[in-house]
Amino acid sequence: MLRPVVQYPDPLLAKVCEPVAEIDDGVRALAQDLLDTLNTVGGVGIAAPQIGVLRRVVVIDVSPELNDPEAPQDFRVFINPVVTVLDARPHEENEGCLSVPELRAKVKRPRRVALDALDLEGRPVHIEGEGYYGACMQHETDHLDGKLFIDYISYLKRSLYDKKMRRGRR
């Protein structure tokens, strides 16, 4: 089912999500809602709090051509994901977010990471990524800890965005 995407500055986006204790029909339905929403609105990833659910579930495009908008997408569900830094040298990517409309900004993150999680069958999953792909894994799992990519940008840039958003709400 398509769900509305929660928009910044909604305080829900700053909350830490609860781990998934059991993969049941409710978790499977949540995963399907995430997939349906992402397929409708576009993007390379989405996290449960972005559709209003405080559970540790994300969907990420794991296709090898992640940077190619013409390539077919391969979305996977990750439950209780944990990111481990493999190479801490900084890497900068231009990031955007479904919950932070009309803003893209350069964000520095560790260059290479691993993601360990469970799939929808409860099996362990391990993937590694660097560059844009690694940034995507970090971006989506940050949502589960109440962090947005704008938490990593300069105070000035964020202030300008906040001012623009306040003006738009009048």
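Residues numbered from 1 in each chain as written. Predicted model: local features only at pLDDT ≥ 70, side-chain atom pairs only at ≥ 80, totals over all residues. Heavy atoms only, no water.

**Student:** Which parts of the structure should I look at to understand the sheet that holds strand β2 (residues 57–61)?
**Tutor:** Strand pairs in the sheet, formed through backbone hydrogen bonds, run parallel or antiparallel to each other. Sheet architecture is open: five strands sit in the order β1-β2-β3-β4-β5, paired in antiparallel fashion. Single-partner strands in this sheet number two, and they are β1 (45–47) and β5 (124–130). Across the sheet, the mean angle from the axis of one strand to that of its neighbour is 45 degrees, orientation sign disregarded. Across 13 bridges, the pairing between strand β3 (residues 75–97) and strand β4 (residues 100–118) is antiparallel. Looking at β4, one finds that Thr-84 is bridged to Ala-114. Where helix α1 (residues 25–41) meets the sheet, its contacts fall on β1, β2 and β3, and the angle it forms with β3 comes to roughly 45 degrees. On the sheet, helix α2 (residues 131–144) packs against β1, β2, β3, β4 and β5 and is oriented at approximately 120 degrees with respect to β3. (Pairing = 2+ DSSP bridges. Helix = DSSP H or I, 4+ residues; strand = E, 2+ residues; numbered from the N terminus. Axes fitted to C-alpha atoms, helices over the stretch in contact; angles between N-to-C directions. Contact = heavy atoms within 4.5 Å.)

**Student:** Would you mind going over the confidence of the model for the protein with me for this structure?
**Tutor:** Note that predicted coordinates carrying low pLDDT should not be read in detail. Averaged over every residue, the pLDDT of the protein is 93; residues scoring 70 or more account for 95%. Per-residue pLDDT, averaged within each element of the protein, yields its smallest value for helix α3 (residues 155–169) (85) and its largest for β1 (97). (pLDDT = per-residue confidence, 0-100.)

**Student:** Looking at this structure, I do not really get the pairing of β5. What am I missing?
**Tutor:** The side chains of a regular strand alternate, first on one face of the sheet and then on the other. Burial along β5 is one-sided: Val-125, Ile-127 and Gly-129 are buried, while Pro-124, His-126, Glu-128 and Glu-130, pointing the other way, are not. Bridge count between β4 and β5: seven bridges; the pairing is antiparallel. If you follow Ala-114 over to β5, its bridge partner there is Glu-128. Linking two consecutive strands that pair antiparallel, namely β4 and β5, is a turn of five residues; a positive phi of about 85 degrees is found at Gly-122 within it. (Buried < 20%, exposed > 50% of the residue type's maximum accessible area, 1.4 Å probe, protein only.)

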